[in-house]
Amino acid sequence: MALALMSFFNSQTRCFYFLMFFLTLQFQLGHFKTTPLYQPEHVLDASESHCLVLLPQEALTTSGRKSLLKMLSEISFVNETNVLVGAIQLSTFIWPNGQPLKINGNPSKSKLENTLLVFQQVKKDRTCLLVPQTDMLPPKTVYFQLPKNEIEIKLSDLLLDNIVAFINSHCLTFRNKDGTLNMAGVHRQYILQNIFQTQKLNVNSFSNNSEKENIFFKYCQKEDLFACDKSMEQLADAKLTTKGQTGFQECERIPVPKSSQFFQEFVSLSKPVIITGAMDHWEASKKWTNSFLRANYGDRYVHIKITSDGIYEGVEPISLWQNSQGIKIPKSVLEKLPYPDLVVVRPASLELKFSEFLDLMEEISEKKVHNISAYLEYSTIADYFPELREDITDMSFFSNILELKHLNIWLSDGNTLGKLHFDPFDNFLCQISGEKQLLLYEPHDNSRLYEAHIQEARLTYNKTSHTFHRKTLLESTSMVMSPVDIINPDLKRFPKFLDVQPLNCTIKAREVLFMPAFWWHEVQSKPNRTEHRNLAVNFWYEPFLNREFPCPECPLDVNPKYYHLL
C-alpha cells in the first residue's frame, strides 16, 4: 500500500487490504473468476500505476452486466497490464480522507446505478521534490452511461464497441472488443519497436580501447583503488575531446523531404536528421546583418546571459560556491538529491539595449574585452522582435503536423558551449550564420546519462569590477541536465557513461537540424568569418514522442495529443 494511506489504518487492517489488492491482481492474471470488489483504498492505491474500469456492485444483479464485466476483463482488456476491471460499492464509497466520490459531469444518483466508471491513472508529479504533507489526490473519474434495458446490454455489439472506445480514450489503450490491437495500436507498436538508435561503433565518446574499458570494469567496479587509478590514467590518455574528433556516427543529411516521408521516417521514429535546402528562400539569411538589426531594433531592451568563459549551464561541485554551507535545504529534499555535492550553474544576466549587446558582442570578437561571454539565448521572437517573423518560413514539409510552442532566436560571438542536456520539445534548429557542432546521445536509457534533479546556482556579475562571483545558490533544481562532463568524465562515479555513443550533427549556415525531443545534446558554437557571430533560430514543438522526467527508466511513448496521427 502507498505510504500516504498508512496513517489511516492499523497494522492488521493494512494486512487485510494488501491481501485484497493481491487478490485483485490475481484476478486480472486469470487465477480467479470472481469479480473483485474495490474499496476506496484499493482504488486510490491502484490508480498510481493502473487505470481502473469498475461497475457499481448495485448494478451487478443482472446477467447482462455480469457478462459485460466478464467480457471486458477476460477478453477485451485481458492483455492490458495497466487496466484493472472490477466492481465498487457506490452507496458506501468515501475516499480515505473523508471526501465523497466526484465524477466528471456530476451524474445523478439514479444515473450512476447504470454507469461504467473509469478511474484514470494518476500521473506522478516528478517536478517537485518537496512533497506537501497532504492526502493523496484521488484519480479523475469519468462515466459511461449504460442502457437500462437488459436486452440492449446483452445483444448490442455496437454498445460494446462504444464502451471499449471509451475505455481506450481514458485509459490510453488501443484495444478492439476481441482483445486484439486496433489499427492505431498496431501503428504505435511498430513505432515503439523501430525507434532510431545510434550505431554502436568501435569507438567510445572518449575512449577507443575496449581492453582498457574492460580493465576499468574489472577493477573500478570491484573498488580495487590502486588498479582502478592506474586504469583511469590509461583511459585519460586515450580520451577524445569534442573538438576535431572522428569515428562517430554522423547525422544523415537529406534534401527537403515530402511531408509523409519526413513524418514516417524521422518524426515518428525519433531520428535526428540534417535537412539541406529548407532555408534557401529565407529572407533572414541575407537580411539579418548586424547593421540591419542595430538600425531597426537597437533601442529595444533585451535580456542576455553572460559568463566568464562561454560555458552555459554546466555542472560543477557545490564546494566552489561561497555560501555552500549557508543555504538550508529541507532534509526531505536533500535525501532525494542523488548528487547533493553538485550544482547546475546558471549564467548571470543583464538587461540592456540591443545595440549595446551588439557592441559588446563585437568587442568580445575583436578581443577588446576579456573574460566575458554574452549570449542572447532562449529569446522568444514574438516577445522581442515580432516583425522578424515574416522573414522566417515554416518548414514546408512540416506545416500543421505538431503544435508549435516556441520560436526562439540565439545570437552570440560564436564561442559558446552549451553543456549536456535535453529539451522536452521536437526541435528544428535553423542555422543562419556560423556553425554548431552538436553531439547527440540517445534518450532510451537515461540512467547512462544519470538523469536526475540537480540543485541550481546562478552566477552574479559585478558591473563595476567586471567580475563574476559564485554566491547565489538557488532552492530550485534542474531536471534536464546531465552531471556527466563528456570531455572529462568521472568514470568512477558515472561508469555507465561508457555504454553511450554520440551522434555527430554539425550544421552550417542555411542547414536545419531536426532534433527529436529528449535527445541529450552538447552544443559547441563557432562564429562565421565575416561578422564573427553565431546566429540561429529554432522551432520548438509539442513532441510526438513524449515521456515523464526526470525519470531515467521512463521510456518514450506516443504523446496522447497526437493519437489522431496513428
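Residues numbered from 1 in each chain as written. Predicted model: local features only at pLDDT ≥ 70, side-chain atom pairs only at ≥ 80, totals over all residues. Heavy atoms only, no water.

Caption draft 1: Spotlight on the nonpolar core. Judged by nonpolar contacts, the single largest core of 88 residues is most densely connected at Trp288, Phe357 and Phe428. It is helix α14 (residues 354–365) that provides the largest number of residues to this core, a total of six residues. What phenylalanine 357 contacts, discounting residues up to four positions off in sequence, is Val302, Ile304, Leu352, Ala374, Tyr375, Leu376 and Leu411. Ranked by size, the runner-up nonpolar core spans 23 residues in total, among them Val53, Leu60, Leu146 and Ile163. (Core = buried A, V, L, I, M, F, W, Y, C linked by side-chain atoms within 4.5 Å. Buried < 20%, exposed > 50% of the residue type's maximum accessible area, 1.4 Å probe, protein only. Helix = DSSP H or I, 4+ residues; strand = E, 2+ residues; numbered from the N terminus. Contact = heavy atoms within 4.5 Å.)

Caption draft 2: Quick peek at the packing of aromatic side chains. On inspection of all chains with the given rule, the structure shows 38 aromatic pairs. A centroid spacing of 5.8 Å and a plane angle of 70 degrees characterise the contact between tyrosine 339 and phenylalanine 494, whose relative ring orientation is edge-to-face. Taken together, the positions of tyrosine 339 in the loop between α13 (331–334) and β12 (342–346) and phenylalanine 494 in the loop between β20 (467–478) and β21 (503–507) put the pair 155 residues apart, joining distant regions of the chain. In terms of burial, tyrosine 339 and phenylalanine 494 fall into one category: buried. (Phe/Tyr/Trp six-rings, centres within 6.5 Å; stacked < 30°, edge-to-face > 60°.)

Caption draft 3: Broad picture of the pairing of strand β16 (residues 417–421). Counting buried positions along β16 yields five of five residues, so the element is predominantly enclosed. Across two bridges, the pairing between strand β10 (residues 311–312) and β16 is parallel. The partner of tyrosine 312 across the bridge, within β16, is glycine 418. Bridging between β16 and strand β23 (residues 520–526) involves three bridges; their strand directions are antiparallel. Directly across from leucine 417, in β23, lies its bridge partner glutamine 524. (Pairing = 2+ DSSP bridges.)

Caption draft 4: Layout of the state of the cysteines. A full pass over the atoms with the stated rule returns three disulfides. The disulfide partner of cysteine 551 is cysteine 554, and the gap between their sulfur atoms is 2.0 Å. Across the disulfide from cysteine 551 to cysteine 554, rotation about the S-S bond amounts to roughly 70 degrees, and the bridge is consequently right-handed. Here cysteine 551 falls in the buried class, since its relative accessible area comes to 1%. For cysteine 554, a relative accessible area of 11% corresponds to the buried category. (Disulfide = S-S within 2.5 Å.)

Caption draft 5: Just the pattern of salt bridges, in detail. Going through the model one piece at a time under the given rule, you end up with 25 salt bridges. One salt bridge connects lysine 287 with aspartate 391, and the closest N-O pair in it is separated by 3.2 Å. Remark: aspartate 391 occurs in the loop between α15 (381–384) and β15 (404–412) and lysine 287 occurs in helix α11 (residues 284–287); sequence separation between them is 104 residues. With a relative accessible area of 4%, aspartate 391 lands in the buried category. Measuring nitrogen to oxygen at the nearest pair gives 2.6 Å for the salt bridge that ties glutamate 456 to arginine 346. Of this pair, glutamate 456 sits in strand β19 (residues 454–462) while arginine 346 sits in strand β12, and the two are 110 residues apart along the sequence. The class for glutamate 456 is buried, based on a relative accessible area of 10%. The structure contains a network of salt bridges with shared partners spanning Arg294, Asp359 and Glu362. (Salt bridge = Lys/Arg side-chain N within 4 Å of Asp/Glu carboxyl O.)

By themselves, these figures tell us nothing about what the structure is for.
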